[in-house]
Amino acid sequence: MEKNENSKSSRRNFLRNVGIGVGAVSVTGVAGANLLSRNEASTKSGKMVKLLSPDGSLVEVDQSDIKPAKEIQSEVKSAAKSGLPNRKFAMVVDLSKCANARACVDACQEGHLLPKDHEWMKIYMLQDDNLTAKYWFPRPCFHCDKPMCVSVCPVGATYKRPDGIVLVDNQRCIGCKFCMTGCPYSARVFNWKDPEVEVPEGHVYDPETNIPPVEGTVGKCVFCADKLRNGELPRCVSACPMGVLYFGDLLEDTVTNGVETVRFSKLMTDRAGYRYKEELGTLPCVYYLPPSNREFPVETGLDGVDESISGRYRNVGPR
Amino acid sequence: METDKKLIADLTPEIETTSIKWYITFFVLLAVFVVGIYGLIQQIDKGHIVTGMRDNVVWGFYIVNFIFFMGLSYSGALISGVLHLFHTSWRKPIIRMAELITVISLIIGPFFIFFCIGRLDRLHFLFIHPRIQSPITWDVIAILTDLFGCFIYLYLSFIEDFAILRDYPYLNVAPWKKKLYRILSLGFTGTEKQRKILANARTVMAAMIIAIAIIVYSVLAWIFGVTLQPGWHSTIFGPYFVIAAVFSGTGLLIILMWIFRRVYHLEEYITKRHFVNVGVLLTIIAAFYGYFTFSDYLTKWYGSIKMDSILIDRLFTDYYSMFIFANYVGILLPGIIIAFPKFRSIPSITVAAMIALTALWVNRYIIVIPTLETPFLPIQDIRPDWISYSPTWVEWSLTLAGVSVFVMLFMLISKIAPIISISEMQEEDKTEILH
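Cut-offs applied
Residues numbered from 1 in each chain as written. Chains lettered and ligands numbered in written order. Predicted model: local features only at pLDDT ≥ 70, side-chain atom pairs only at ≥ 80, totals over all residues. Helix = DSSP H or I, 4+ residues; strand = E, 2+ residues; numbered from the N terminus. Rg over C-alpha atoms; globule rule 2.2 N^0.38 Å. Buried ≥ 20, exposed ≤ 12 C-beta atoms within 10 Å, placed from the backbone. Contact = placed C-beta atoms within 7 Å. Pairing = 2+ DSSP bridges. Axes fitted to C-alpha atoms, helices over the stretch in contact; angles between N-to-C directions. Core = buried A, V, L, I, M, F, W, Y, C linked by C-beta atoms within 7 Å. Nonpolar A, V, L, I, M, F, W, Y, C, P; charged D, E, K, R; others polar. Expected span 1.5 Å × (residues − 1). Parallel < 35°, antiparallel > 145°, perpendicular 65-115°, else oblique. Left-handed = near helix turned anticlockwise from the far one by under 90°. pLDDT = per-residue confidence, 0-100.

### Some points on the overall build of chain B
Then step 1. When helices and strands are tallied, chain B shows 17 helices and 0 strands.
Then step 2. Relative to the compact-globule value of 22 Å for 435 residues, chain B shows a C-alpha radius of gyration of 23 Å, a close match.
Then step 3. Taken across its 435 residues, chain B has 45% of its residues classed as buried.
Then step 4. Here the contacts in chain B between residues at least 6 apart in sequence split such that 82% fall between residues at least 24 apart.

Here it is in structure tokens:
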């Protein structure tokens, strides 16, 4: 699905590429300055690399002198704001396959260094009515096209990108929690205490991963925007052993669960795809396939699950 | 000038001397305040985990208190503005209190929002990165406008009094207070021209703060009304909040009248007539308020919308006693006590006002909390504090601190300014108030 990734490479990726140094056509001011002002002795590799300096002249430096350019916070943020061009991301959740394996939740928490009680992806067990069946219902952020959370944010900390992704900048968020009351899907979590997450030295905060979570701010599913940038699938999609989650691009009309790749429109037609609470008019980018012809009985999802998880579903009833 | 002397002595009981009672009360309140500060320090240090708020109920006591205090403020503005504009003859001894309620609760209210915000250090982002789409931004603009307007309105009403105190030769106060009166009276000497300008300014401001109060409290209601949440998403919320605010403010005014009358021996100025008049006002407002409450819940209950039904169910089970107290007892009982002349006495009207005020706070609570406990997707959790909200000592301590600051500010103002407007009372025909 990400065939054209190279041509869509952002400035940020580009900076990374400069770090590698091969085939670079320009060096940013900061990186260049660091490069040229180095005067401490170091072991030279003897291998010279040609680079273009900021003033446009071709220079040659020893390869061992080249260090990856430090990611610049403002660059990272502006890339995270503009998103990926010519994309419209969407997710399809096949409810007939979900058996509460929770691999998506674990992968998400691991990938985003979330505390255990923070679930960006949450698995509900729903029952619509007494006479209808229970079913498992994984709920990521719906990345709505008319996102209430974005409308109500007083400082622009949460925003909608042209590629459809809704992100939170936790360096801007003031923690008023209005977005949490605004979201009808309970998709947002608040950092009630210091999450005590260790990040590697020199880590630059990127709203695309929202690492590290910050006390007093709001976090939520980011559709793994960082993975998408590298042409990979979101963590939950790759992790799901049942192939419940499909991810793709509406402009390409294609979604994949990592095993099979299908036409989005055909999937919607064949399987009667729908969106949760369509009547609220928030226009989610997450579609559901009804839990018909199920591959597992719903109770399978409770087998071998820790009490702290299975306890959640003890009183599930029609709602 | 004998009247003046008596008036000034009666209406400025705390300016010249400080009674031992004043000190004791003040230090008790200060202690309550200090406990609140300790709670706040805990909250800043350990994070909002020390409160009862969790991911579903993200707004708790703080927001309830915020709406409550802002409501008191707007109603103070409305009451004093309306009484002023209509030249109600009996308003004079009590209008100053209504004005003080306005300004003092307007100072306290926003602090509860600050307590609720996760990153207090980023508060200025509201001004440097504002987004006009957000009702919170509307609220920031509205509250600042209101604060400005109310301060001007209150100050205008003080100018004449400061001039009287400045010119009063027998006033035995510290030189800094004399100096303060001289500065604050802005050279007012009571010439015909000055009186005319001041009277016009006060009338204009009275009209303006009525409009501002209505708009501003509606904006606050819309913070809830614009969301999609069951129980909040209601077109009636703007006017409903405004009327509820006036209800609470009128109740508070009666309570303060009772306290002031007792503490400062103002029996001569604040009479049963004032209690009855404000009480009748409270009853009329209670009728409107009850009507709005009924309309709002009836439409939710009668229809079959699933989320509304779940919410109403919860209100009539988990919140049954609170619901009955807030929306039946708190509205009907004050009305009954005041509506029948034989039940009317100063203590009974005061008790009615206390019931009304408490019930209104509970009403705010059951507007905010049950809705948050009833999200569209059911709460599936095993942690009790994630499922239902209960406030912790931190929230209680800050709530009580808010109340204590309210009283302390009243006490501090009584040290420098008359608690009843001297200038208004001079104009008042003494025989009329004593009737």
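### Details of the overall build of chain A
Then step 1. When its secondary structure is counted, chain A shows 10 helices and 13 strands.
Then step 2. The buried share among the 319 residues of chain A stands at 43%.
Then step 3. Partitioning the intrachain contacts of chain A with sequence separation of at least 6 by distance along the chain shows that 62% fall at a separation of at least 24.

### Remarks on the sheet that holds strand β10 (residues 245-249) of chain A
Residues and elements named next belong to chain A.
Then step 1. Taken in spatial order, the 5 strands line up as β12-β11-β10-β3-β13 in an open sheet, and their pairing is mixed. Among the strands making up the open sheet, the edge pair consists of β12 (261-263) and β13 (286-289). Looking at each pair of strands side by side, their axes are set apart by 25 degrees on average, direction ignored.
Then step 2. For strand β11 (residues 254-256) and β12, the ladder comprises 3 bridges, and the chain directions are antiparallel. Within β12, the residue paired with Val 255 across the bridge is Val 262.
Then step 3. Sheet strands touched by helix α9 (residues 264-271): β3 (89-94), β10, β11, β12 and β13. Its angle to β12, the strand with the most contacts, is close to 75 degrees.

### Overview of the pairing of β3(A)
Residues and elements named next belong to chain A.
Then step 1. Counting buried residues in β3 gives 6 out of 6 residues, a clear majority hidden from the surface.
Then step 2. Here β3 pairs with β10 via 5 bridges, running antiparallel. Note on β10: the bridge partner recorded for Ala 90 is Gly 248.

### Description of the nonpolar core
Then step 1. Counting 193 residues, the largest nonpolar core has Leu245(A), Tyr217(B) and Leu253(B) as its most contacted members.
Then step 2. Apart from residues lying up to four places away in sequence, Leu245(A) is in contact with Met91(A), Val93(A), Cys104(A), Cys236(A), Val237(A), Cys240(A) and Asn257(A).

### Comments concerning the interface of chain B and chain A
Buried accessible area, meaning the area lost when the parts come together, often serves as the stated size of an interface.
Then step 1. Listed per partner, the contact involves 35 residues of chain B and 38 residues of chain A.
Then step 2. Class assignment of the residues belonging to the side of chain B that touches chain A gives a composition of 17 nonpolar, 11 polar and 7 charged.

### Thoughts on helix α10 (residues 272-302) of chain B
Residues three or four positions apart in an α-helix share a direction because the helix packs 3.6 residues into each turn.
Then step 1. With 31 residues, α10(B) extends 43 Å from end C-alpha to end C-alpha; this agrees with the ideal 45 Å at 1.5 Å per step.
Then step 2. Buried residues along α10(B) sit against α4 (92-116), α9 (237-263), α12 (320-339) and α13 (346-372) of chain B.

### Some remarks on the environment of Gly149(B)
Residue and element names in this part refer to chain B.
Then step 1. Structurally, Gly 149 is set in helix α6 (residues 135-167).
Then step 2. Put simply, Gly 149 and Lys 178 are 29 residues apart on the chain and 27 Å apart in space, counted from C-alpha to C-alpha.
Then step 3. Once residues lying within four places of it in the same chain are set aside, the contact partners of Gly 149 are Met 205, Met 208, Ile 209 and Ile 212.

### So, the packing of α6(B) against helix α7 (residues 175-184) of chain B
All names here are of chain B.
Then step 1. Across the interface, α6 lies against α7 with an axial gap of 8 Å and an inter-helix angle of 135 degrees. Taken together, the axes of α6 and α7 lie oblique to each other. Considering only the axes of α6 and α7, their crossing is left-handed. Across from Phe 162, Leu 165 and Arg 166 in α6, the residues of α7 making contact are Tyr 181, Arg 182 and Leu 184.
Then step 2. Here the contact of α6 with α7 is built from residues that sort into 4 nonpolar, no polar and 2 charged.

### Section: the packing of helix α3 (residues 61-85) of chain B against helix α15 (residues 393-416) of chain B
Residue and element names in this part refer to chain B.
Then step 1. Between α3 and α15, whose axes approach to 10 Å, the crossing angle comes to 15 degrees. When the axes of α3 and α15 are compared, the pair comes out roughly parallel. The handedness of the crossing between α3 and α15 comes out as right-handed. Across the interface between the two elements, Phe 61, Tyr 62, Asn 65 and Phe 69 from α3 touch Glu 395, Thr 399 and Gly 402 from α15.
Then step 2. Split by residue class, the contact of α3 with α15 holds 3 nonpolar, 3 polar and 1 charged.

### Considering the confidence of the model for chain A
Then step 1. A residue-level look at chain A finds 86% of positions with pLDDT of 70 or above and a mean pLDDT of 85.
Then step 2. Of all secondary-structure elements in chain A, the lowest mean pLDDT belongs to helix α1 (residues 11-20) of chain A, at 40, while β13(A) reaches the highest, 97.

### So, the confidence of the model for chain B
Residue and element names in this part refer to chain B.
Then step 1. Looking at chain B, the pLDDT average stands at 88 and 97% of residues meet or exceed 70.
Then step 2. At the level of individual helices and strands, chain B shows its lowest average pLDDT in helix α17 (residues 430-434), which scores 44, and its highest in helix α5 (residues 125-128), which scores 94.
Then step 3. Scored below 50 in pLDDT, residues 429-435 makes 5 contacts in the model with residues more than four places away or belonging to other chains.
Then step 4. Reported confidence for the predicted complex is 0.89 by ipTM and 0.86 by pTM.

### Structural notes on unusual backbone geometry
Residues and elements named next belong to chain A.
Then step 1. In this structure, the amide linkage connecting Ile 211 to the following residue, Pro 212, adopts the cis form with an omega of -5 degrees.
Then step 2. Inspection of the secondary structure assignment puts Pro 212 in the loop between β8 (189-190) and β9 (218-219).
Then step 3. Even without a glycine there, the phi angle at Leu 113 is positive, about 50 degrees.
Then step 4. Here Leu 113 lies in the loop between α4 (103-111) and β4 (122-127).
Then step 5. The class for Leu 113 is partly exposed, based on 16 C-beta atoms found within 10 Å.
Then step 6. Positioned with a positive phi, Cys 224 is a non-glycine residue whose angle comes to about 45 degrees.

### Looking at the pairing of β10(A)
Residues and elements named next belong to chain A.
Then step 1. Counting buried residues in β10 gives 5 out of 5 residues, a clear majority hidden from the surface.
Then step 2. By the alternation rule, side chains of β10 split into Leu 245, Phe 247 and Asp 249 and Tyr 246 and Gly 248, which are all buried.
Then step 3. Relative to β11, β10 runs antiparallel, the two sharing 3 bridges. By the bridge assignment for β11, Asp 249 is matched with Thr 254.
Then step 4. Here β10 folds back onto β11 in antiparallel fashion, the turn holding 4 residues, of which Asp 253 has a positive phi close to 55 degrees.

### What about the environment of Val199(A)?
Residue and element names in this part refer to chain A.
Then step 1. Here Val 199 is to be found in the loop between β8 and β9.
Then step 2. The exposed category is assigned to Val 199, around which 11 C-beta atoms lie within 10 Å.
Then step 3. Considering only alpha carbons, one finds Val 199 and Val 222, 23 residues apart in sequence, at a separation of 19 Å.
Then step 4. Apart from residues lying up to four places away in sequence, Val 199 is in contact with Ile 211 and Pro 212.

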